[in-house]
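A look at the structure
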Amino acid sequence: ITRVSDSAVLLGSRHSADTLRVQQFLTRNSHPHQTIDVENDPAAQKLLDQFGIAVTDIPVVIALGRQMLKNPSNEELAESLGYSAVLDAAQVRDVVVIGAGPAGLAAAIYGASEGLDMLVLESTAPGGQAGSSSKIENYLGFPTGISGQQLGERAYSQAQKFGTEIAIARTAASLECHKRPYRIGLGNGTSVVARTIVIATGARYRKPPIEELSRFEGVGVYYSATAVETKLFGTEEVIIVGGANSAGQAAVFLANTARKVYVLVRGKALSATMSRYLIRRIEDTPTIEVLVDTEIVALEGTIGLERVTWANRMTGERVTRNIGHVFMMTGASPNTEWLDDCVAIDEKGFVKVGSDIRNDELVAANWPLVRQPYLFETSLPGI
């Protein structure tokens, strides 16, 4: 992927959740960068003094060798590195795709290849949630497997080849749906207009109700398992929570470096939720231990996570381990809150489409056409 700017320098700390966030953003977007740990790298103090940076400013990104960003948001970082052009709020796009995961990028490729004016909005990086997968082996066309990041990069390049404009770190925050063309409000206060909208916002991570969970997010609790996170624990023991394919992929990947991988599953077996090929990999890896009927009941630590207690749901037996790294792979919920009740949504938050939409829901949405919604069309035409 061709990038506008040169490499960046990230000054941060492994005990800072924002440092991990920035590092993940740079890595997921394949931006060349160097990370300097202010606590362990002897070159760190010289840079801090050179740029007049206080430790409280961490993380700091130095771009182009001169521009300094103190704890930048993903949007500020994207603008500085040249990922997001200024979007014209008056331009009416043929199609705006919201979300640059595999589904969103596929829609962009097919639309742009037919000559439509396509814009894709993505809050983090190409590949979406799939982009954080260490290796996907059951995706069509890649018999030896492919990482989620590589898959996202290839689709990103292909979409650009056909003329799709892709805006990184642009988040859909609201939808004005009372008239067409529709207006999508962005998180930075701007907006874009489209005749047609493709909702490809996927899901957001589901967080189990564990006390102190939020305090350790980014400093011991993670929601993806990539090379970025493996640098944080070296050969220490780690815990994975979850029993679906994402948990299986993470377990196999982390077992390459971790001394021991505990997989905690609330259910009684992996077979109900995980693909057989991943179960075989886990069974063939001696450093992975699967604990069924088990859930975390306590997280402890000062600056970062230090201890984890889990319990067997059947016997009540508790076990405490000095483990400082937990990977939450507990599923996800539909990322549809931004739709502002514009389209029919079921009780679980999923968008209803086609024949799943009841007549009373069409009436409530003021469906204006004689025909019924198409197969993947919502309760509003063109969405």
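Residues numbered from 1 in each chain as written. Predicted model: local features only at pLDDT ≥ 70, side-chain atom pairs only at ≥ 80, totals over all residues. Heavy atoms only, no water.

1. Side note on the state of the cysteines
Per the counting criterion, the structure on display carries 1 disulfide. Each sulfur in the disulfide pair Cys 177 and Cys 342 lies 2.0 Å from the other. Taking the sign of the S-S torsion, -80 degrees for the link of Cys 177 and Cys 342, the bridge is left-handed. Note that Cys 177 is positioned in the loop between strand E8 (172-176) and strand E9 (182-186) and Cys 342 in the loop between strand E20 (332-334) and helix H9 (359-364), a separation of 165 residues in sequence. Classification of Cys 177 as partly exposed rests on a relative accessible area of 22%. (Disulfide = S-S within 2.5 Å. Helix = DSSP H or I, 4+ residues; strand = E, 2+ residues; numbered from the N terminus. Buried < 20%, exposed > 50% of the residue type's maximum accessible area, 1.4 Å probe, protein only.)

2. Here we look at the side chain of Asp 37
Positionally, Asp 37 belongs in strand E2 (residues 33-37). At 5.4 Å, Arg 14 is the nearest oppositely charged side chain to Asp 37, a buried residue that forms no salt bridge. Of note is the side chain of Asp 37, whose polar atom sits 2.9 Å from the backbone nitrogen of Glu 39. (Lys, Arg positive; Asp, Glu negative; His and termini not counted. Salt bridge = Lys/Arg side-chain N within 4 Å of Asp/Glu carboxyl O. Polar contact = N/O pair within 3.5 Å; in protein donor to acceptor, adjacent residues only side chain to side chain.)

3. Looking at the pairing of E2
Two faces belong to every sheet, and in a regular strand the side chains alternate between them. As paired strands, strand E1 (residues 8-12) and E2 are joined by 5 bridges and run parallel to one another. Counterpart to Gly 12 in the pairing with E2 is Asp 37. Each parallel crossover has a hand, and for E1 linked through helix H1 (residues 17-28) to E2 it is right-handed. (Pairing = 2+ DSSP bridges. Right-handed = clockwise from strand over helix to strand, strands pointing away.)

4. Describing unusual backbone geometry
Residues Ile 58 and Pro 59 are joined by a peptide bond in cis, for which omega reads 0 degrees. Positionally, Pro 59 belongs in the loop between helix H2 (44-50) and strand E3 (60-63). Cis geometry marks the peptide bond from Arg 180 to Pro 181; its omega dihedral reads 10 degrees. Topologically, Pro 181 is positioned in the loop between E8 and E9.

5. Observations concerning the nonpolar core
For soluble globular proteins, the rule of thumb is that nonpolar side chains tend to be buried together. Counting 28 residues, the largest nonpolar core has Phe 25, Val 61, Leu 77, Ile 166 and Ile 168 as its most contacted members. Among the elements that make up this core, the one with the highest residue count is helix H4 (residues 102-113) (4 residues). Once you skip the residues sitting within four places of it in the chain, Ile 166 turns out to touch Tyr 83, Leu 105, Val 120, Tyr 156, Ala 159 and Gln 160. (Core = buried A, V, L, I, M, F, W, Y, C linked by side-chain atoms within 4.5 Å. Contact = heavy atoms within 4.5 Å.)

6. So, the sheet that holds E1
Neighbouring strands of a sheet are bound in pairs by backbone hydrogen bonds; such pairs are parallel or else antiparallel. One open sheet holds the 4 strands; their spatial order is E2-E1-E3-E4, and the pairing between them is mixed. The sheet is open, and its two edges are formed by E2 and strand E4 (67-70), each paired on a single side. Between one strand and the next, the sheet's axes are offset by a mean angle of 20 degrees, whatever the strand orientation. Sheet analysis places E1 next to E3, joined by 4 bridges and oriented antiparallel. Bridge pairing links Ala 8 to Ala 63 in E3. In the packing of helix H3 (residues 74-81) onto the sheet, contacts are made with E3 and E4, and the angle to E4 comes to roughly 170 degrees. (Axes fitted to C-alpha atoms, helices over the stretch in contact; angles between N-to-C directions.)

7. Some points on the side chain of Asn 29
In this structure, Asn 29 sits in the loop between H1 and E2. A polar contact of 3.1 Å, which involves the side chain of Asn 29, links it to the backbone oxygen of Thr 124.

8. Quick look at helix H7 (residues 245-254)
Note on helix geometry: an α-helix contains 3.6 residues per turn, so any two residues three or four positions apart are oriented the same way. Within H7, burial applies to Ala 247, Gly 248, Gln 249, Ala 250, Ala 251 and Leu 254. Residues of H7 that are buried make contact with helix H6 (227-233), strand E13 (238-241), strand E14 (261-264), helix H8 (276-283), strand E15 (288-291) and strand E19 (326-328).

9. Some remarks on the packing of aromatic side chains
Counted by the stated rule, this structure contains 6 aromatic pairs. A ring pair is formed by Tyr 262 and Trp 310, whose centres lie 5.2 Å apart and whose planes are at 45 degrees; its orientation type is tilted. Note that Tyr 262 is positioned in strand E14 and Trp 310 in strand E17 (residues 305-312), a separation of 48 residues in sequence. Exposure class is identical for Tyr 262 and Trp 310. Each is buried. Three or more aromatic residues link up through ring pairs in this structure, and these residues are Tyr 222, Phe 233 and Phe 327. Here the basic side chain of Arg 371 rests over the ring of Tyr 374, its NZ or CZ set 3.8 Å away from the ring centre. (Phe/Tyr/Trp six-rings, centres within 6.5 Å; stacked < 30°, edge-to-face > 60°. Lys NZ or Arg CZ within 6 Å of the ring centre and 35° of its normal.)

10. Considering the packing of H4 against helix H5 (residues 148-161)
It is the contact of H4 with H5, at a shortest axis distance of 9 Å, that shows an interaxial angle of 20 degrees. When the axis of H4 is compared with that of H5, the two are roughly parallel. The chirality of how H4 crosses H5 is left-handed. The residues of H5 that touch H4, namely those facing Pro 102, Leu 105, Ala 108 and Ile 109, are Leu 151, Gly 152, Ala 155, Tyr 156, Gln 158 and Ala 159. (Parallel < 35°, antiparallel > 145°, perpendicular 65-115°, else oblique. Left-handed = near helix turned anticlockwise from the far one by under 90°.)

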